[in-house]
Amino acid sequence: MSGPCSERVTHAFRERYGREMAVVRSPGRVNLIGEHTDHNLGFVLPAAVDRSIHLAVGLREDRRLRFYALDKDEAFEGSLDDLRSSDLHWPDYLLGILSELTALRMDLRGVDCAFGGDVPIGCGLSSSAALEGGFAFTLNELLALGLDRVSLARLSQRAENRFVGVNCGIMDPFASLLGRERMLIRLDCRDLSYVYVPFDRDDLRIVLCDSQVSRSLTGSEYNLRRAQCVEGLELLRRHHPELQSLRDASPALVESHRTEFPPEVHRRCAYVVAENQRVIEACMDLDRGDLAAFGAAMNATHEGLAHGYEVSCPELDILAEAAQDLPGVFGSRMMGAGFGGCTINLVEADALPSFEAQMGQVYRQRLGKEPVIHVCRLRGGTERVA
Ligand code: GLA
């Protein structure tokens, strides 16, 4: 499906590079529950949404690389023979994919690429995974590399880990590449088995409230949290060498070794093992249609992220806590890596106007900001549109 965004990108590509191209839509993602469980090989419940990046891509006969970020109006030039990170930062998402394809000994050619979109940047919808996954998907098509979507998601994760330097899990590219219209994905991040969970209730809305806090800490703090999870796992493995990840540990097990953990490491691990169980139970709530229980689990996730994993911030706390008290709101919590970005809210459709009005007041009175609220629909994953 093409639209204004696709046309803008196509136009920019023709103007700059003057030739034919493939155009791909690559969506951002939300995550209903299961935060910071992916890199502990646990469970998540994300979905692709109707905010996307469009990429226009043409292969070249030589080994040059020319990229253009339409929304920043910035251009990058480089070569396949010299893949190193750029001061502009955004080219790294594309270079990282090329670097990973090179590591797989794929036969590459130079590329021209223009991209832009309406995934809000730095807002926790994972515009980075949309860009990485979308670029990998497009090259896979144009060069007939024969990779399936799960392999493309793994490749995107490796690009982010090794080239961009954020030790993220697989959730974001997986959701972007494998999303489906009106479906959530219940994903087991250990073996990557997944099922689609229908989410097609017209009486419900997924609403994001943007804290408008820049997520500059995300990379370093994300990696630190991840290292603390590994530290906790190593500690447990001294007694229980059979544990392969925190996903294998129960809350009771973590508690039984509490005194051996540095307090921070204990807080991180206690959060992760509780969250993992919460996802499993919340999925059962959803299957039963028990939205009150599902929403309560979302609220509990926020609490855990704020005080156990410690990745929230005052603005996110204010937005989540205020929303939790409003009529017609099942649950509200911060979403994604943390330190800024959005809260995700599960809201009755009929309550949406009053939700927006009341949250508008919270923004103005308590944050001193104008509200930025997105109502999302669940859409299909990455696809070629031209
Ligand atoms: C970021 C990462 C994901 C995941 C979330 C937190 O979005 O990219 O892999 O860890 O944070 O759940």
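For clarity, every value in this text was computed on a predicted model and none was experimentally measured.

### Section: the sheet that holds strand E9 (residues 204–210)
If you trace the four strands from one edge of the open sheet to the other, you get E10-E11-E9-E12, paired in antiparallel fashion. Only two strands of the sheet have a single partner each, and these edge strands are strand E10 (329–334) and strand E12 (373–376). Each neighbouring strand pair of the sheet contributes to a mean axis angle of 20°, computed without reference to strand direction. Two elements, E10 and strand E11 (residues 342–348), share five bridges in a ladder whose sense is antiparallel. Residue pairing across strands places Met334 opposite Thr343, the latter belonging to E11. Each of E9, E10 and E11 touches helix H10 (residues 314–324); the most contacted strand, E10, lies at about 170° to it.

### Overview of the pattern of salt bridges
As enumerated under the stated definition, the model contains 32 salt bridges in all. One salt bridge in this structure joins Arg288 and Asp285, with 2.7 Å as the shortest N-O distance. Note that Arg288 and Asp285 are positioned in helix H8 (residues 263–288) at a spacing of three residues, about one turn of the helix. Note on Arg288: relative accessible area 58%, which makes it exposed. Close ionic contact of Arg379 with Glu383 constitutes a salt bridge, the shortest N to O distance being 3.6 Å. Residue Glu383 is classed as partly exposed on the basis of its relative accessible area, which comes to 25%. Several salt bridges share partner residues, and in doing so they unite Arg19, Arg60, Asp62, Arg66 and Asp112 into one network.

### Considerations on the site of the ligand
Lining the immediate environment of the ligand, one finds Arg29, Glu35, His36, Asp38, His39, Cys168, Gly169, Met171, Asp172, Tyr222, Gly336 and Ala337. Asp38 is positioned with one of its side-chain polar atoms (N or O) 2.5 Å from an oxygen atom of the ligand. Contact with the protein chains covers 93% of the free accessible surface of the ligand, which is 310 Å². Class assignment for the residues of the shell around the ligand results in four nonpolar, four polar and four charged.

### Let's talk about the nonpolar core
Membership of the largest hydrophobic core comes to 80 residues, with the highest contact counts inside it found for Val30, Phe67, Phe135 and Leu139. Residues contacting Leu139, with those up to four places away along its chain left out, are Val57, Leu59, Ile97, Leu98, Leu101, Val111, Ala144 and Leu145. Counting 23 residues, the second-largest nonpolar core is a separate cluster that includes Val265, Cys269, Val311 and Phe339.

### Some remarks on the packing of aromatic side chains
Counted under the stated rule, the structure contains seven aromatic pairs. What links up through ring pairs into an aromatic cluster is the set Phe67, Phe76 and Phe135.

### Section: helix H2 (residues 91–103)
In this model, H2 (13 residues) spans 18 Å end to end at C-alpha, consistent with the 18 Å of a helix rising 1.5 Å per residue. Across the 13 residues of H2, ten count as buried, placing the element largely inside the fold. For H2, the complete set of buried residues consists of Pro91, Asp92, Tyr93, Leu94, Leu95, Gly96, Ile97, Leu98, Glu100 and Leu101. Lining the buried residues of H2 we find strand E4 (64–69), strand E5 (74–79), strand E6 (111–117), helix H3 (127–142) and helix H4 (149–164).

### What to know about the packing of H8 against helix H9 (residues 291–307)
Each pair of packed helices can be summarised by the angle the axes make with each other and by the distance between the axes. It is at 9 Å that the axes of H8 and H9 come closest, and there the two elements cross at 170°. Considering their axes alone, H8 and H9 lie roughly antiparallel with respect to each other. Contacts between H8 and H9 involve Arg267, Tyr271, Glu275, Arg278, Ala282, Asp285 and Leu286 on the former and, on the latter, Leu291, Ala293, Phe294, Ala297, Ala300, Thr301, Gly304, Leu305 and His307.

### Side note on the state of the cysteines
Applying the stated criterion to the full structure yields zero disulfides. No disulfide involves Cys229; its sulfur sits 5.6 Å from the nearest other cysteine sulfur, which is in Cys269. Residue Cys229 is classed as buried on the basis of its relative accessible area of 2%.

Quick notes on the rules
- Starting from 1, residues in each chain are numbered consecutively following that chain's sequence as written.
- With the structure being a predicted model, the display of local features is reserved for residues of pLDDT at least 70 and the display and counting of side-chain atom pairs for 80 or more, all residues being used for whole-chain, interface and lining totals.
- Only hydrogens and water are set aside; all other atoms, that is, all heavy atoms of the structure, feed into the side-chain values.
- Pairing between strands requires that DSSP locate at least two bridges from one strand to the other.
- Only DSSP runs of H or I reaching four residues or more are called helices, and only runs of E reaching two or more are called strands; each is numbered from the N terminus.
- Lines fitted to the C-alpha atoms define the axes, with helices restricted to the stretch that makes contact. Angles between their N-to-C directions range from 0 to 180 degrees.
- The contact criterion used throughout is that any non-hydrogen atoms of two residues lie within 4.5 Å.
- Throughout this description, the term salt bridge denotes a Lys or Arg side-chain nitrogen within 4 Å of a carboxyl oxygen of Asp or Glu.
- Note on classification: 1.4 Å probe, protein chains only; a residue is buried when its accessible area is under 20% of the maximum for its type, exposed when over 50%, partly exposed between these limits.
- Being near a molecule or strand, for a residue, comes down to having at least one heavy atom within 4 Å of it.
- Residues adjacent in sequence count toward polar contacts only when both atoms are side-chain atoms; beyond that, a polar contact is any pair of N or O atoms within 3.5 Å, and within protein one must be able to donate a hydrogen and the other to accept it.
- Note that accessible areas follow from Shrake-Rupley with a 1.4 Å probe, and for residues the cover is restricted to the protein chains shown.
- In the scheme used here, Gly and all other residues not listed as nonpolar or charged are polar, with Ala, Val, Leu, Ile, Met, Phe, Trp, Tyr, Cys and Pro taken as nonpolar and Asp, Glu, Lys and Arg as charged.
- Here the nonpolar core consists of buried residues drawn from Ala, Val, Leu, Ile, Met, Phe, Trp, Tyr and Cys, with membership extended through side-chain atoms lying within 4.5 Å.
- Stacked, tilted and edge-to-face are the three classes assigned to paired rings of Phe, Tyr and Trp, where Trp is represented by its six-membered ring and a pair needs centres within 6.5 Å; plane angles under 30 degrees give stacked, over 60 edge-to-face, the rest tilted.
- One less than the number of residues in a helix, times 1.5 Å, gives the span that helix is expected to have.
- For this classification, under 35 degrees means roughly parallel, over 145 means roughly antiparallel, 65 to 115 means roughly perpendicular, and everything else is oblique.
- Two cysteine sulfur atoms make up a disulfide if the distance between them is within 2.5 Å.

Everything listed is a geometric property; what it means functionally is a separate question.
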